[in-house]
Amino acid sequence: MTPLRRRMTLMLCGVFLLLGLIFGFNQLKTALIKHFISGAGLPPASVSTMVIATTEWQPKLSSVGNVRAFRGVELSTEISGLVLTVPIKSGMDVNEGDLLIKLNDASDVAQLNSLKAQAALAKLINERDRQQLAIQAISKNVFDTTKADAQSKQALVDQQIALVAKKNLKAPFSGRIGIVTINPGQYVNPGDKLLTLQTLDPIYVDFNLPQSNAEQVQVGQEIEVTTDAFKGASFTGKITAVSPKVDTGTRNILVEAQLANPDKKILPGMFANVNINVGGQVAFLTLPQTAVTYNPYGSTIFIAKRTDKLDKQGNPVLEAQQVFVTTGLTRGDQVAILKGVEAGTTVVTSGQLKLKNGTPLIVNNKVLPANSPDPKPQE
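Conventions we followed
- Residues numbered from 1 in each chain as written.
- Predicted model: local features only at pLDDT ≥ 70, side-chain atom pairs only at ≥ 80, totals over all residues.
- Heavy atoms only, no water.
- Pairing = 2+ DSSP bridges.
- Helix = DSSP H or I, 4+ residues; strand = E, 2+ residues; numbered from the N terminus.
- Core = buried A, V, L, I, M, F, W, Y, C linked by side-chain atoms within 4.5 Å.
- Buried < 20%, exposed > 50% of the residue type's maximum accessible area, 1.4 Å probe, protein only.
- Contact = heavy atoms within 4.5 Å.
- pLDDT = per-residue confidence, 0-100.
- Expected span 1.5 Å × (residues − 1).
- Phe/Tyr/Trp six-rings, centres within 6.5 Å; stacked < 30°, edge-to-face > 60°.

### Some thoughts on the pairing of strand β12 (residues 234-246)
The pairing of strand β11 (residues 222-226) with β12 spans 5 bridges and is classified as antiparallel. Residue Ile223 lies in a different strand from β12, and its bridge partner there is Gly237. By the bridge criterion, 6 bridges tie β12 to strand β13 (residues 252-259) in an arrangement that is antiparallel. Of the residues in β13, the one forming a bridge with Lys238 is Gln258. The turn joining β12 and β13, which pair antiparallel and follow one another in sequence, is formed by 5 residues; a positive phi near 60° is taken by Arg251.

Here's what the structure looks like:
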């Protein structure tokens, strides 16, 4: 072998040796990193936890209703005419039969007086004919004619009295007048809406419930009503009627309840929240709704499970363990857990989205999720 060929061979061997050393070093580094990561385990996650316990719940049905007056009507007149007087004011309480609006009835009253005079004359003639018939001075046919004439004239008087009465719009029942916009001198036509009259005490609340709750609702059952208009105030009443049919469009049942409203705070047309207590109190395991993860294949929670490992302070290490649960009713921020976990178990309430089985846990309960059975909107 020539010296040149020998040098080329040595050079190639050296290059391959160097490449082999580089490749081996990289493989060794990758293996060491994998070994270190596998030995270190999963990184710990910061979560909040709580011990699940049993609480007493009052089962109730909730719905949204509309307030309706005990009696309410938009008043109008049967005949047209010129408004003569309006003896009422806006927001005034009136009694049944009180005069609300008086139309000009001067010509009708004059006509009534004329008809009364004619009726009185016809009655007088009929009485004279009665006496004449008694002595057989006239025939029975003449007496019957004058008697029918007297009755006809009296019927015309009654008809005119009814016409005059239509010129006086009176309250059909006791209640509160709305905003009065009618003024004297204004001409009104039949059917024109002149003013509203509403009876505010007592008052009705109408609301709907699903057909599945039909067995739990009965006449006489107590209800509790709250409105956005009076925050912190609640009103109690009783169910007075349950519709005998189910709405085919919504499959709901219409329920009517009556409330005492002595202060007349609740007004017709208001929005109302209705709660009905059903049966006695029931014990449930409850969690904040944020603790439950809802999936198509089922609802899950993570529990904080103690292990045999110790941390630097000598305390047992907590690890996440996912379990399936069966959820039940909800109340405010809470949800009832029917199956899957026992009382006294420590459950992760927030931060579970970054967990999987075996993840070490760092518990930080400085900020806890909402867990109120009756949350209120924050101003």
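### Re the nonpolar core
Counting 20 residues, the largest nonpolar core has Phe207, Ile223, Leu259 and Ile276 as its most contacted members. Breaking this core down by element, the ones donating at least two residues are β3 (60-75), β10 (195-210), β11, β12, β13 and β14 (271-277). Top element by residues in this core is β10. It accounts for 4 residues. Setting aside residues no more than four positions away along its own chain, Phe207 makes contact with Ser63, Val64, Gly65, Ile223, Ile253, Leu254, Val255, Ala257, Val274 and Ile276.

### A word on the confidence of the model for the protein chain
Across the protein chain, the average pLDDT comes to 86, with 96% of residues at or above 70. Across the protein chain, the element-wise mean pLDDT spans from 75 in helix α1 (residues 3-40) up to 93 in β13.

### A word on helix α3 (residues 140-166)
Given a rise of 1.5 Å per residue, 27 residues ought to cover 39 Å, and the 40 Å separating the end C-alpha atoms of α3 matches this to within 8%. Burial in α3 covers these residues: Phe143, Thr146, Ala150, Val157, Gln160 and Val164. Residues of α3 that are buried in the fold lie against α2 (106-134) and β7 (168-170).

### Some details on the packing of aromatic side chains
A complete count under the given rule lists 4 aromatic pairs for this structure. When the ring of Trp57 is compared with that of Phe284, the centres are 5.5 Å apart and the planes differ by 70°; the resulting orientation is edge-to-face. Within this pair, whereas Trp57 is found in strand β2 (residues 53-57), its partner Phe284 is found in strand β15 (residues 282-288), the two being separated by 227 residues in sequence. With relative accessibility at 3%, the residue Trp57 sits in the buried group.

### Let's talk about the environment of Pro268
Within the fold, Pro268 resides in the loop between β13 and β14. Spatially, the C-alpha atom of Pro268 lies 39 Å from that of Thr327, the residues being 59 residues apart in sequence. Leaving out residues up to four positions away in the same chain, Pro268 has contacts with Val67, Arg68, Ala69, Gln198, Leu200 and Ile203.

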